[in-house]
Amino acid sequence: MAALPEKIAPGIFRVDALPFTYAISVLLVAERDGWTLIDTGVPGSVGRITGALTALGAEPGDLRRIYLTHHHADHIGGLAGLIAWAPAVEVIAPEREAPIVAGEQPPDRRENPLLRFLDERQQMPVNPVARTVREGDIIAGFRVIATPGHTLGHTSLLHEGHGLLMTADAFGALLAKVQVGGAKVLCTDPPQAKRSAEKLVGYDFATAVLSHGQPPRDRARERLREVTARCTWA
Ligand SMILES: [Zn+2]
């Protein structure tokens, strides 16, 4: 079943990468030369994302760029399938995440023993990364903001013109309510994730999109500020 894209700003659409609302959100952004996809979900997300593109009138050749916010499997999992669908697509990743996405370096080492066990047994797909970015670079009109902690090279995206923040996993509600980094066990470096959250809520935005979970409907910045203030990871 194709995912119906949800318009959240002019030319910017949120797509549910799983058949559960807000479980995994990816973004499609219209650009002059075609579409840019932000994150790819899991391998099973490919049909939903290509279905959303088709519903927006796009053909494979119109998917020009894929930006990966970080290397976790629920963000890069659809990459291989999307490259198969749109072979000319350019894959872009943060400087520090790219070697992990490309399978040249192991994933971040997490503190939690169970997650570490799973991480170490995870088959990292080998994907080409054509271009790397750093803080301040622009992707599809969004400014790249380094928000390390969830992973060491994690990035969020801020669209200043639309007052729109894509937190990726700098905030998330994977387990229950919105937390810094999704949850402490999901972060490589929880205190660093808290510092990144503090940095992020210092920017000006009215609307937020989380990779996981329903974002605060109104006063997004104030609500995420409250979440950050409650976080006790020193
Ligand atoms: Zn993640």
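Quick caveat: nothing in here was measured; it's all calculated off a predicted structure.

Procedures and definitions
- Residues numbered from 1 in each chain as written.
- Predicted model: local features only at pLDDT ≥ 70, side-chain atom pairs only at ≥ 80, totals over all residues.
- Core = buried A, V, L, I, M, F, W, Y, C linked by C-beta atoms within 7 Å.
- Buried ≥ 20, exposed ≤ 12 C-beta atoms within 10 Å, placed from the backbone.
- Contact = placed C-beta atoms within 7 Å.
- Pairing = 2+ DSSP bridges.
- Helix = DSSP H or I, 4+ residues; strand = E, 2+ residues; numbered from the N terminus.
- Axes fitted to C-alpha atoms, helices over the stretch in contact; angles between N-to-C directions.
- Arc of directions from axis to C-beta.

Quick look at the nonpolar core now. Ranked by internal contacts, the top residues of the largest apolar core, which has 58 residues, are Leu27, Leu28, Ile49 and Ile66. For Leu28, the contacting residues outside a window of four places in its chain are Pro5, Phe13, Val15, Trp35, Leu37, Ala52, Leu53 and Leu56.

The next point concerns the sheet that holds strand β4 (residues 34–38). Read across the open sheet, the seven strands follow the order β1-β2-β3-β4-β5-β6-β7; overall the sheet is mixed. Of all strands in the sheet, those bounded by a partner on one side alone are β1 (6–9) and β7 (131–133). Across this sheet, the average inter-strand angle for adjacent strands is 25°, counted without regard to direction. Here strand β5 (residues 63–67) runs beside strand β6 (residues 90–94); their pairing, made up of three bridges, is parallel. Residue pairing across strands places Tyr67 opposite Ile92, the latter belonging to β6. Packed on one face of the sheet, helix α1 (residues 46–55) meets β2 (12–16), β3 (25–31), β4 and β5 and runs near 145° to β2.

A few words on unusual backbone geometry. Despite not being glycine, Tyr22 has its phi angle at roughly 70°, a positive value. With respect to the helices, strands and loops of the structure, Tyr22 is situated in the loop between β2 and β3. Phi at Ala140 is positive, roughly 50°, even though this residue is not glycine. Note that Ala140 resides in the loop between β8 (138–139) and β9 (142–146). C-beta crowding within 10 Å serves as the criterion here: with 21 such atoms nearby, Ala140 is assigned to the buried category.

Here we come to helix α6 (residues 190–200). Within the sequence span of α6, burial applies to Pro190, Ala193, Lys194, Ser196, Ala197 and Leu200. Each buried residue of α6 lies within a common arc of 160° when the element is viewed along its axis, so the set occupies one face. Elements in contact with the buried residues of α6: β9, β10 (155–159), β11 (164–168), β12 (171–172), β13 (179–180) and α7 (220–230).

Time to look at the environment of Leu27. Relative to the assigned elements, Leu27 resides in strand β3. Not counting residues within four places of it along the chain, the set of residues in contact with Leu27 comprises Ile12, Phe13, Arg14, Ile38, Met166 and Val209.

A separate point is the environment of Leu200. Residue position: Leu200 is located in helix α6. Sequence-wise, Leu200 and Phe171 are 29 residues apart; in three dimensions their C-alpha atoms are separated by 9.7 Å. Apart from the residues lying within four places of it in its own chain, the contact partners of Leu200 are Ile145, Thr147, Ser156, Thr167 and Ala170.

This part is about the sheet that holds β11. The strand order across the open sheet built from five strands is β8-β9-β10-β11-β14, with neighbouring strands paired in mixed fashion. The sheet is open, and its two borders are formed by β8 and β14 (207–210), each paired with just one other strand. The sheet contact formed by β11 and β14 spans four bridges and is parallel. Following the sheet pairing, Ala168 is matched in β14 by Leu210.

Attention now goes to the pairing of β1. Both β1 and β2 contribute to a ladder of three bridges, which runs antiparallel. Each bridged residue has a counterpart across the sheet, and for Glu6 the counterpart in β2 is Arg14. The antiparallel pairing of β1 with β2 creates a hairpin that spans two residues between the two strands, and Gly11 there sits at a positive phi of about 75°.

Now for α1. What α1 keeps buried is the set Val46, Arg48, Ile49, Thr50, Ala52 and Leu53. Packed against the buried residues of α1 are β2, β3, β4, β5 and α3 (79–85). Looking one or two residues past α1, Gly57 carries a phi angle of roughly 90°, positive in sign.

For Ala193, the location among the structural elements is in helix α6. Distance from Ala193 to Thr228, taken between C-alpha atoms, is 9.9 Å for residues 35 residues apart in sequence. Look past the residues within four positions of Ala193 in its chain and what remains in contact with it is Gly149, His150, Val180, Gly181 and Cys187.

So, to be careful, I would describe these as geometric facts and stop short of saying anything about function.
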